[in-house]
Amino acid sequence: MRLEDLRPAAGSTRKRKRVGRGRGSGTGKTSGRGHKGLKARSGGGSRPGFEGGQMPLYRRLPKRGFLPHGTRTEFALVKVKDLSARFPAGSVVDPDALVEAGLIKKSGRGAVKVLGDGAIGHALTVKTHKISGSARQKLEAAGGRIEVLPS
């Protein structure tokens, strides 16, 4: 067997239907679209969700809730135990330092929140946009300082 002897399996391929090429082709005149109507027009066809005039599903279902587009702030979350593990005593922890330590992504520097999961044994100066109550207690009990940045 040679490369030029290869052929598709019998019946697996068909010739392309060329529409609008005269009566003898079998798809002349209206090109297989029938007479008039929405689907016969150029660019014709019903819109997505159209159910032939029946009340469509997206209108039959009750509308619930509210989506606050653009008003919700996604915070990059950091736990107290991660601060304890990555930063030595007396160091300043700000969003840029968190990026360098690999705790948050560079895109998350604009809104950082410190959560109180875990324990901390040494003092740190933490500059963050938000901090939970338990995290504030743990950091201040360890002798640390907290500065809340404007968001």
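Heads up: the structure comes first, above all this text.
Rules behind the numbers
- Residues numbered from 1 in each chain as written.
- Predicted model: local features only at pLDDT ≥ 70, side-chain atom pairs only at ≥ 80, totals over all residues.
- Heavy atoms only, no water.
- Helix = DSSP H or I, 4+ residues; strand = E, 2+ residues; numbered from the N terminus.
- Rg over C-alpha atoms; globule rule 2.2 N^0.38 Å.
- Buried < 20%, exposed > 50% of the residue type's maximum accessible area, 1.4 Å probe, protein only.
- Contact = heavy atoms within 4.5 Å.
- Core = buried A, V, L, I, M, F, W, Y, C linked by side-chain atoms within 4.5 Å.
- Pairing = 2+ DSSP bridges.
- Polar contact = N/O pair within 3.5 Å; in protein donor to acceptor, adjacent residues only side chain to side chain.

Now for the overall build of the protein chain. Tallying secondary structure elements over the protein chain gives four helices and six strands in all. Sequence-ordered secondary structure for the protein chain, helices as α and strands as β, is α-β-α-β-α-β-β-β-α-β. Taken over the C-alpha trace, the protein chain has a radius of gyration of 33 Å; the compact-globule value for 151 residues is 15 Å, which it surpasses by more than 25%. Seen along its three principal axes, the alpha-carbon backbone of the protein chain occupies a region of about 90 × 60 × 20 Å. Relative to its full complement of 151 residues, the protein chain shows a buried share of 21%. Residue pairs in contact within the protein chain that sit at least 24 positions apart in sequence constitute 37% of those at least 6 positions apart.

Relative to the helices and strands, tyrosine 58 is located in helix H1 (residues 57-60). Judged by its relative accessible area of 47%, tyrosine 58 is partly exposed. In sequence terms tyrosine 58 and arginine 145 are 87 residues apart; their C-alpha atoms lie 53 Å from each other. Among residues more than four places away in sequence, those in contact with tyrosine 58 are Arg47, Gly49 and Lys63.

Once that is clear, we can look at the nonpolar core. If you look at the biggest cluster of nonpolar residues, it comprises 18 residues, and the most contacted ones within it are Leu83, Phe87, Val93, Leu98, Val114, Leu124 and Val126. Every element with two or more residues in this core is listed here: strand S1 (76-79), helix H2 (80-86), helix H3 (95-101), strand S3 (112-115) and helix H4 (133-141). Apart from residues lying up to four places away in sequence, phenylalanine 87 is in contact with Val93, Ala97, Leu98, Ala101, Leu103, His122 and Leu124.

Looking now at the sheet that holds S3. Here we have three strands laid out as an open sheet, ordered S1-S3-S5, and parallel in their pairing. A strand with exactly one partner marks an edge of an open sheet, and here the two such strands are S1 and strand S5 (130-131). When S3 meets S5, the two strands line up parallel, connected through two bridges. Paired with lysine 113 across the bridge in S5 is lysine 130.

Looking now at the sheet that holds strand S4 (residues 125-128). Taken in spatial order, the three strands line up as S2-S4-S6 in an open sheet, and their pairing is parallel. The open sheet has two free edges, formed respectively by strand S2 (92-93) and strand S6 (145-148), since each of these has just one partner strand. Here S2 runs beside S4; their pairing, made up of two bridges, is parallel. Bridge assignment links valine 93 to a residue of S4, and that residue is valine 126.

Below, the discussion takes up the side chain of threonine 128. Turning to its location among the elements, threonine 128 is positioned in strand S4. Reaching out from threonine 128, the side chain makes a polar contact with the backbone oxygen of valine 112 at a distance of 2.8 Å. In this structure the side chain of threonine 128 is engaged in a polar contact, spanning 3.1 Å, whose partner is the backbone oxygen of lysine 130. Each residue touching threonine 128, except ones within four places of it in the same chain, is listed here: Val112, Lys113, Val114, Glu147, Val148 and Leu149.

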